Amino acid sequence: QNFPNPFNPATTINFALPTDSKVVVSVFNSLGQQVTQLTNENYSAGYHELNFNASALSSGVYFYSIEATGVDGAKFVSTRKMMLMK
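Rules behind the numbers
Residues numbered from 1 in each chain as written. Predicted model: local features only at pLDDT ≥ 70, side-chain atom pairs only at ≥ 80, totals over all residues. Heavy atoms only, no water. Helix = DSSP H or I, 4+ residues; strand = E, 2+ residues; numbered from the N terminus. Rg over C-alpha atoms; globule rule 2.2 N^0.38 Å. Buried < 20%, exposed > 50% of the residue type's maximum accessible area, 1.4 Å probe, protein only. Contact = heavy atoms within 4.5 Å. Areas by Shrake-Rupley, 256 points an atom, 1.4 Å probe, with all protein chains shown as cover. Lys, Arg positive; Asp, Glu negative; His and termini not counted. Charge placed at Lys NZ, Arg CZ, Asp CG, Glu CD. Pairing = 2+ DSSP bridges. Core = buried A, V, L, I, M, F, W, Y, C linked by side-chain atoms within 4.5 Å. Axes fitted to C-alpha atoms, helices over the stretch in contact; angles between N-to-C directions. Polar contact = N/O pair within 3.5 Å; in protein donor to acceptor, adjacent residues only side chain to side chain.

## Topic: the overall build of the protein
- Looking only at helices and strands, one finds 0 helices and 7 strands in the protein.
- Its C-alpha atoms give the protein a radius of gyration of 13 Å, within 12% of the compact-globule value 12 Å for 86 residues.
- The principal-axis extent of the C-alpha atoms belonging to the protein is close to 40 × 25 × 15 Å.
- Taken over 86 residues, the protein has a buried fraction of 34%.
- Contacts spanning at least 24 positions in sequence make up 60% of the contacts within the protein whose residues lie at least 6 apart.
- Summed over all atoms, the accessible surface of the protein reaches about 5,200 Å², with 52% contributed by carbon and sulfur.
- Charged side chains of the protein number 5 positive and 5 negative; the gap between the two group centres comes to 13 Å.

Here you go:
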């Protein structure tokens, strides 16, 4: 989960990987439209964090999706809700 939540205007998204993986983290609005892609890179196994600055977005509920594809072929997808309050 991101911290803090609700946030204004920045939050940190933490995730852990059991193996080296290609990670895509995208942010969507409540209509399901992608508003930004935070990363689309390879990460090593371990704990990672991404900073998300939403100062250009309006208040409301947003969702972020973490998609990880490991070098061993394992796939993981998780979607979480976050709230931006200005």
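## Considerations on the sheet that holds strand β1 (residues 2-3)
- Spatial ordering of the open sheet is given by β1-β2-β5, a layout of 3 strands whose pairing is antiparallel. On the outer flanks of this sheet lie β1 and β5 (46-53), each paired with one strand and no other.
- Direction of pairing for strand β2 (residues 10-17) relative to β5: antiparallel, over a ladder of 8 bridges. The partner of isoleucine 13 across the bridge, within β5, is leucine 50.

## Examining the nonpolar core
- Grouped together as the largest cluster of nonpolar side chains are 17 residues, with contacts concentrated most on Phe15, Val23, Ile66 and Met82.
- Looking at this core, the elements with two or more residues in it are β2, β3 (21-28), β5, β6 (60-70) and β7 (75-84).
- A per-element tally of this core places β6 first, with 4 residues.
- With sequence-adjacent residues up to four places away left out, valine 23 is seen in contact with Phe15, Leu17, Thr39, Asn40, Glu41, Tyr43, Ile66, Glu67 and Ala68.

## A short note on the sheet that holds strand β4 (residues 34-43)
- Reading across from one edge, β4-β3-β6-β7 is the order of the 4 strands in this open sheet, with antiparallel pairing throughout. Of all strands in the sheet, those with a lone pairing partner are β4 and β7, marking the two edges. Across the sheet, the mean angle separating the axes of adjacent strands is 15 degrees when strand polarity is ignored.
- Bridge count between β3 and β4: 8 bridges; the pairing is antiparallel. When the sheet's bridge partners are listed, valine 27 is paired in β4 with threonine 36.

## Side note on the side chain of threonine 11
- Mapped onto the elements of the fold, threonine 11 is located in strand β2.
- Engagement of the side chain of threonine 11 in a polar contact is seen with the backbone oxygen of phenylalanine 3, the distance being 3.1 Å.
- Within the structure, the side chain of threonine 11 is placed 3.0 Å from the backbone oxygen of proline 4, a separation counted as a polar contact.
- When neighbours within four sequence positions are excluded, threonine 11 is seen to be in contact with Asn2, Phe3, Pro4, Leu50, Asn51, Phe52 and Met82.

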